[in-house]
Amino acid sequence: MDLFTPIVPVELQHPNFISVMSPGRVGEREVVAGWAEGFPDRDNKFVREFQTTFNSSFWEVYLYRLFRSYSFDLDWSHSSPDFWLHTPYGEVIVEAVTANAAVGTVPEWEKPTMMTENVRKKEFWPLNREAIIRISNALLAKVRKYGTHYQKLPHVPGKPFVIALAPFEQADFQYQYDRPMRALLYDDYVDEDAYFRNPELFPDGPPSVSLGEIEKDNGSSFDLGIFENDQWSEVSAVIFSCVATWGKTVAMSTHARNGFVAATWGTTSSGESAKRMSRIGVPSETISDGLQIFHNPHAKNPLDLQVFRRKGVVQHYRSNAGWVREGYDDCLQTRSTHAFGLPLKG
């Protein structure tokens with residue numbers, strides 16, 4: 001499947017597709033082409049969608065390569081949901097979705113600067129609040145579709161149903177890490193703003209707080225802690241990554257360019273982090289670095305912890321001793337890429 005030979009007029013091409021077609025990004029395109037090897041175009045429109053909508057198709061290609069890296073068998077005998085995995089620990093159904101910008105807001109590809117003012121000042125609540133609202137909408141749409149469609153398909157019932165979500169809902173989405181998802185699913189918000197305002201008050205790092213609910217711009221509100229009861233018991237887990245972006249292809253490419261990759265990696269089990277720098281052209285990541293699995297303790301069909309267990313993959317789950325965040329001590333949290341003369345996002 002040739003993703004990069006244009007088949008639609010330039011005026012119909014997505015701004016991100018136009019951007020990645022730059023001659024300087026040939027090495028990155030080779031990475032994505034490698035990811036897509038063997039990916040079936042089941043409805044003969046995937047290439048067109050990749051070139052016109054980009055983010056959602058890029059996320060599917062990433063997921064395909066991720067699952068192949070685990071040596072899972074993929075069954076394509078049904079057109080939906082997106083992936084039917086045969087793993088050593090049982091079959092798993094995965095549906096992919098992206099969180100997108102609200103109507104009337106600035107999309108991520110029109111980001112005016114390398115970093116928004118709030119993030120530069122380490123004020124993360126505006127970013128995280130917007131992310132919570134947008135990822136909630138995206139997940140809810142798939143939960144509703146499970147009830148109206150997926151659960152009626154012959155191959156779906158009785159298997160773990162996992163939603164794989166990538167956030168593209170705003171500028172600087174790649175800095176949210178696990179904060180919005182933890183708040184939405186478990187009502188467990190890591191308040192970095194409080195920490196950065198008064199670090200002396202929090203010697204153990206940013207505090208975790210319960211927000212209870214969140215208010216939308218229209219004044220309505222919704223409860224947080226979706227996985228704290230059985231309201232979404234049909235969802236076994238959420239696969240998530242805020243760094244499965246074009247920046248990952250830069251970090252994985254072997255084509256040298258003048259520039260660098262700046263990343264934040266977890267270094268302790270409590271989530272403390274350190275910055276790492278690497279030159280573009282010297283691979284600094286694997287396909288699964290930055291991946292997170294949020295398990296639902298109330299799932300009707302739980303996802304086995306061993307399915308995605310791997311170094312660098314964070315899994316959030318409840319044990320007899322309480323909540324566990326496995327893999328915090330060696331995980332990719334955030335990343336930005338910088339090529340001289342060619343600024344990159346993510």
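Preceding this paragraph is the structure being described.
The notes below deal with the structure included here. (Residues numbered from 1 in each chain as written. Predicted model: local features only at pLDDT ≥ 70, side-chain atom pairs only at ≥ 80, totals over all residues. Heavy atoms only, no water.)

Let us now look at the environment of phenylalanine 222. Inspection of the secondary structure puts phenylalanine 222 in strand E8 (residues 221–223). Linking phenylalanine 222 and valine 235, residues 13 residues apart in sequence, is a C-alpha distance of 19 Å. Apart from the residues lying within four places of it in its own chain, the contact partners of phenylalanine 222 are Ile132, Ile133, Ser136, Leu184, Glu213, Ile214 and Lys216. (Helix = DSSP H or I, 4+ residues; strand = E, 2+ residues; numbered from the N terminus. Contact = heavy atoms within 4.5 Å.)

A word on helix H4 (residues 55–69). Taking 1.5 Å as the rise per residue, H4 with 15 residues should run 21 Å; its terminal C-alpha atoms sit 21 Å apart, in good agreement. Considered for burial, the residues of H4 that qualify are Asn55, Ser57, Phe58, Trp59, Val61, Tyr62, Leu63, Tyr64, Leu66 and Phe67. The first or second residue beyond H4 is serine 71, which carries a positive phi of 65 degrees. (Expected span 1.5 Å × (residues − 1). Buried < 20%, exposed > 50% of the residue type's maximum accessible area, 1.4 Å probe, protein only.)

In this description, a pair of aromatic rings is defined by centroid distance and the angle of the planes. Enumeration over the complete set of coordinates arrives at 33 aromatic pairs. Plain terms: the ring middles of tyrosine 70 and phenylalanine 308 are 5.5 Å apart, the flat faces sit at 90 degrees to each other, and that makes the pair edge-to-face. You can see tyrosine 70 sitting in the loop between H4 and strand E1 (73–74) and its partner phenylalanine 308 sitting in the loop between strand E12 (292–295) and strand E13 (314–319), a full 238 residues away along the chain. Assigned by exposure class, tyrosine 70 and phenylalanine 308 land together as buried. Measuring from centroid to centroid gives 6.3 Å for tyrosine 186 and phenylalanine 294, while their planes differ by 35 degrees, and the two rings are tilted. (Phe/Tyr/Trp six-rings, centres within 6.5 Å; stacked < 30°, edge-to-face > 60°.)

As a further point, take the nonpolar core. Leu63, Phe67 and Phe308 are the most contacted members of the largest nonpolar core, which has 50 residues in total. Counting residues per element, this core draws most heavily on H4, which supplies eight residues. Setting aside chain neighbours within four positions, we find phenylalanine 308 in contact with Phe67, Tyr70, Phe72, Leu85, Ile239, Ile293, Leu303, Val313 and Gln315. (Core = buried A, V, L, I, M, F, W, Y, C linked by side-chain atoms within 4.5 Å.)

Attention shifts here to the packing of helix H6 (residues 125–148) against helix H7 (residues 179–186). Direction vectors running N to C along H6 and H7 enclose 55 degrees, while the axes themselves pass 9 Å from each other. As judged from the angle between their axes, H6 and H7 are oblique. The interaxial crossing formed by H6 with H7 has right-handed handedness. Listed contacts from H7 to Asn128, Ala131, Ile132, Ile135, Ser136 and Leu139 of H6 are Arg179, Pro180, Met181, Ala183, Leu184 and Leu185. The class makeup of the residues in the contact of H6 with H7 is nine nonpolar, two polar and one charged. (Axes fitted to C-alpha atoms, helices over the stretch in contact; angles between N-to-C directions. Parallel < 35°, antiparallel > 145°, perpendicular 65-115°, else oblique. Left-handed = near helix turned anticlockwise from the far one by under 90°. Nonpolar A, V, L, I, M, F, W, Y, C, P; charged D, E, K, R; others polar.)

All right, on to the sheet that holds strand E9 (residues 237–240) then. Across the sheet, which stays open at both edges, the eight strands sit in the order E1-E2-E3-E4-E9-E12-E13-E14 with mixed pairing between neighbours. Only two strands of the sheet have a single partner each, and these edge strands are E1 and strand E14 (322–326). Inspection of the sheet shows E1 paired to strand E2 (residues 83–87) by two bridges, in the antiparallel sense. Paired with leucine 74 across the strands is leucine 85, a residue of E2. The sheet strands contacting H6 are strand E3 (90–100), strand E4 (161–168) and E9, and the helix crosses E3 at an angle near 135 degrees. Across the sheet, H7 is in contact with E4, E9, E12, E13 and E14; its angle to E12 comes to roughly 10 degrees. (Pairing = 2+ DSSP bridges.)

Of all the residues in helix H2 (residues 26–36), the buried ones are Gly27, Glu28, Arg29, Val31, Val32, Trp35 and Ala36. Following H2 by one or two positions, glycine 38 has its phi on the positive side, about 90 degrees.

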